[in-house]
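# Tertiary structure, described
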Amino acid sequence: MGIIKKNFLPNEYVQSVYQIDFNKLAEQGFKGIITDLDNTLVGWDELQPTESIKKWFKQADDLGITVTIVSNNHEKRVADFCEDLNVDYIFEARKPRGRAFNQAIQRMNLQPSDIVVIGDQMMTDVFGGNRRGLFTIMVVPIKKTDGFVTKFNRIVERRLLHHFKRKGYIKWEEN
Ligand SMILES: [Mg+2]
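All residue numbers refer to positions counted from 1 along the written sequence of the respective chain. Local features in this predicted model are restricted to residues whose pLDDT is 70 or higher, and side-chain atom pairs enter the listing and the counts only when it is 80 or higher, whereas totals over whole chains, interfaces and linings include all residues. With hydrogens and water stripped out, all remaining heavy atoms of the structure feed into the side-chain values.

### Observations concerning the pattern of salt bridges
Salt-bridge detection follows one rule: a side-chain nitrogen of Lys or Arg within 4 Å of a carboxyl oxygen of Asp or Glu. Applying the stated criterion to the full structure yields eleven salt bridges. A salt bridge links Glu51 to Lys54, with the shortest nitrogen-to-oxygen separation between them at 3.4 Å. Here Lys54 and Glu51 lie together in helix H3 (residues 51–62), a separation of three residues that amounts to about one turn. Buried residues are those whose accessible area, probed at 1.4 Å on protein chains only, stays under 20% of the maximum for their type, while exposed residues exceed 50% and partly exposed ones sit between those limits. Residue classification places Lys54 among the partly exposed positions, given a relative accessible area of 29%. Under the scheme used here, helices are H or I runs from DSSP no shorter than 4 residues and strands are E runs no shorter than 2 residues, and both carry numbers assigned from the N terminus.

### Describing the packing of aromatic side chains
Each pair of aromatic rings taken from Phe, Tyr and Trp, with Trp reduced to its six-membered ring, is defined by centres within 6.5 Å and is described as stacked if the planes are under 30 degrees apart, edge-to-face if over 60, and tilted in the remaining cases. For the structure shown, the criterion picks out five aromatic pairs. Here Trp56 and Phe57 contribute two aromatic rings whose centre-to-centre distance is 5.3 Å and whose plane-to-plane angle is 75 degrees, an arrangement assigned as edge-to-face. Where Phe164 meets Tyr169, the ring centres are 6.0 Å apart and the plane angle is 50 degrees; that geometry is what we call tilted. Looking at Phe164, the relative accessible area reads 0%, which means it is buried. Each member of the aromatic cluster is reached from another via a ring pair, and the members are Phe22, Trp56 and Phe57. We call a charge positioned above a ring when the Lys NZ or Arg CZ atom is no farther than 6 Å from the ring centre and deviates by at most 35 degrees from the ring normal. Just above the ring of Tyr169 sits the side chain of Lys5; from NZ or CZ to the centre is 4.0 Å. Across from the ring centre of Phe127, 4.9 Å away, lies the NZ or CZ of Arg131, which sits over that ring.

### Some thoughts on the sheet that holds strand S4 (residues 88–90)
In sheet architecture, strand pairing relies on hydrogen bonds along the backbone and comes in two forms, parallel and antiparallel. At least two DSSP bridges between two strands are required for those strands to pair. Strand order across the open sheet formed by six strands is S1-S6-S5-S2-S3-S4, with parallel pairing between neighbours. Edge strands, defined here as strands with exactly one partner in the open sheet, are strand S1 (12–14) and S4. Averaged over all pairs of adjacent strands, the angle between strand axes in this sheet comes to 25 degrees, irrespective of strand direction. Axes here mean lines fitted to C-alpha atoms, for a helix over just the part in contact, with angles spanning 0 to 180 degrees between N-to-C directions.

### Considering unusual backbone geometry
Cis geometry is adopted by the peptide bond preceding Pro96, which originates at Lys95 and carries an omega value of 15 degrees. With respect to the helices, strands and loops of the structure, Pro96 is situated in the loop between S4 and helix H5 (99–108). A positive phi angle is found at Arg94, which is not glycine, with a value near 60 degrees. As for its placement among the helices and strands, Arg94 is situated in the loop between S4 and H5.

Here you go:
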């Protein structure tokens, strides 16, 4: 079970990205964020960033934290979302594979130890970040509905969550 914990247990778990304390991250020495888009920043069917998400990006920017959106979704979805945000992005990232994570770290010109990975999926975001040795924060997905592949991943994810809870590794409440 050690390997499962190492790969799939996030370092932190929060209800939403708004609970992430940028000041604390900056104090801890983190300089970059790799974040998922769908169901992490907004619902998968929301095309544009909300006002609160725009503020969230501005807060990170004000503290000198660079953000890159790394999404498994296609170019148009990611590019349209990022248009007003002035943020770098990688689409069709194929998380949990490592290539897009490496690309994002390189583009931000940072070290892996400087990076926080944020996402709503254990099988792609958390697994991808953990296996690359990055600090991972999991958020509760904004919407319950998902695509086909995600539905399958969610079944595995629920089992892992249950296992971690039973072991006492995580203590959060599901909404
Ligand atoms: Mg997602």
